[in-house]
Structure formats: structure tokens, C-alpha cells
Amino acid sequence: MTQSDLGRAQSLITSIPDYPEPGVVFRDISPLLADGPAMRAVTEALIEPFAGQFDIVGGLEARGFLFAGTISAMTGVGILPIRKAGKLPRPAAAVSYTLEYGTATIEGPDVLKEGERVLLIDDILATGGTLTAAQSLVADLGAEVIGSAVVLELTALGGREHTGEVHTLFAE
């Protein structure tokens, strides 16, 4: 992975104004996901500071699942799927939070072992609600968040004020 690989990956992220509602600019990572070398470069860069420190990777629905699956395959660790409410048949824990444009609840299954080290992965850090809720959810399930990583941080929305330190590849 080189800086030029990451630069190319960043150039693939597009902005879609007024989605999902007026005033919101959606960052679409679909072109990045469709490009194998870009996906590999981003995935390697996401986990680089955490190599050997995590037992399982927590992917936040939905785009975080894509990176978590790739990380799982690359590192040989399992995946903790952190889902939107109502998607798990028997959630072990749930946390509600505020989004940039509404409210939501996430849930986690009963798959973590006490003290297990979790690396949380998502595509975008905006207001920090989803990631903060995921950090709380992992703690509620008896495990430890060793780090959080995102592809893109929207710095103007102040998410880090809520999440604490986050490894970010790109910032706007």
C-alpha cells in the first residue's frame, strides 16, 4: 500500500447532495468498494495501527460490514455484526443514539467472550452517534474496544467530541 493507492481510493468517494434528505450530503463509497486495489489499500490502512491487538472486528451496519468482512478474511479474526434494531432474532444488547438526521438503535448478538478485544470499523464518522453507541454496546456485552477506525471523517460535524480517538484515513 502506498500513499498514491490511498489518494486514488479517496478520489473514488463521491458526494451526493440532499440525500437522504434536503441539506444532507451523502458520501458514497460504492466506487471505492468496486475497485479491488483501492479496497485493499483502504482496508490495510484501517487496521495498520491495530495489528495484533484485536480478537474480533465489529462492523457497523451496513457499510462497516464490508470492511469488517475483508478485515476478518485478511487477519483470521471473527466478525461482530452490529445491526440496526429489529434485524437480530435474539439481540444480547441494544443502544439508542442520535444521528445527523434522526435517531436510531443498534443491537449486538451474544457472540463476544468476556474481555475480548474489539476493533470497531465503519465507513464514515459524522456526528459520532453510531460509533459512540457501538462503543457502549461492546462494553455492555462485556468486551473491550481497543480502537475505532473509519474511512472518512466529516470534521465539521464534531463526531470526535463524542467518540474519543478514532483512526481516520481521510478527513473533510
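Structure's up top.
A few points on the structure. In this text, all values refer to a predicted model and were calculated from it rather than measured experimentally.

### Focus on helix 4 (residues 63-75)
- For helix 4, spanning 13 residues, the distance from its first C-alpha to its last is 19 Å, which sits close to the expected 18 Å at 1.5 Å a residue.
- By the burial criterion, the buried members of helix 4 are Gly64, Phe67, Ala68, Ile71 and Ser72. Buried residues of helix 4, seen end-on, are gathered within an arc of 140 degrees and therefore sit on one face of the element.
- Those residues of helix 4 that are buried are in contact with helix 2 (30-33), helix 3 (36-47), strand 3 (56-60), strand 4 (78-84), strand 7 (117-125) and strand 8 (144-153).
- Gly76 sits one or two positions beyond helix 4 and adopts a positive phi of about 80 degrees.

### What to know about the packing of aromatic side chains
- Under the definition given, this model contains 1 aromatic pair.
- Here Tyr19 and Phe26 contribute two aromatic rings whose centre-to-centre distance is 5.4 Å and whose plane-to-plane angle is 90 degrees, an arrangement assigned as edge-to-face.

### Let's talk about unusual backbone geometry
- The linkage connecting Tyr19 with the following residue, Pro20, adopts the cis geometry, with an omega of 10 degrees.
- The residue after Glu61, namely Ala62, is reached through a cis peptide bond having omega -5 degrees.
- Looking at the secondary structure, you find Ala62 in the loop between strand 3 and helix 4.
- The backbone of Asp18 sits at a positive phi, close to 60 degrees, despite the residue not being glycine.
- As for its placement among the helices and strands, Asp18 is situated in the loop between strand 1 (14-17) and strand 2 (25-28).

Here is what the cut-offs are and how they apply
- Residues numbered from 1 in each chain as written.
- Predicted model: local features only at pLDDT ≥ 70, side-chain atom pairs only at ≥ 80, totals over all residues.
- Heavy atoms only, no water.
- Helix = DSSP H or I, 4+ residues; strand = E, 2+ residues; numbered from the N terminus.
- Expected span 1.5 Å × (residues − 1).
- Buried < 20%, exposed > 50% of the residue type's maximum accessible area, 1.4 Å probe, protein only.
- Arc of directions from axis to C-beta.
- Contact = heavy atoms within 4.5 Å.
- Phe/Tyr/Trp six-rings, centres within 6.5 Å; stacked < 30°, edge-to-face > 60°.

Note that every value here comes from positions in space, so none of it alone points to a role or purpose.
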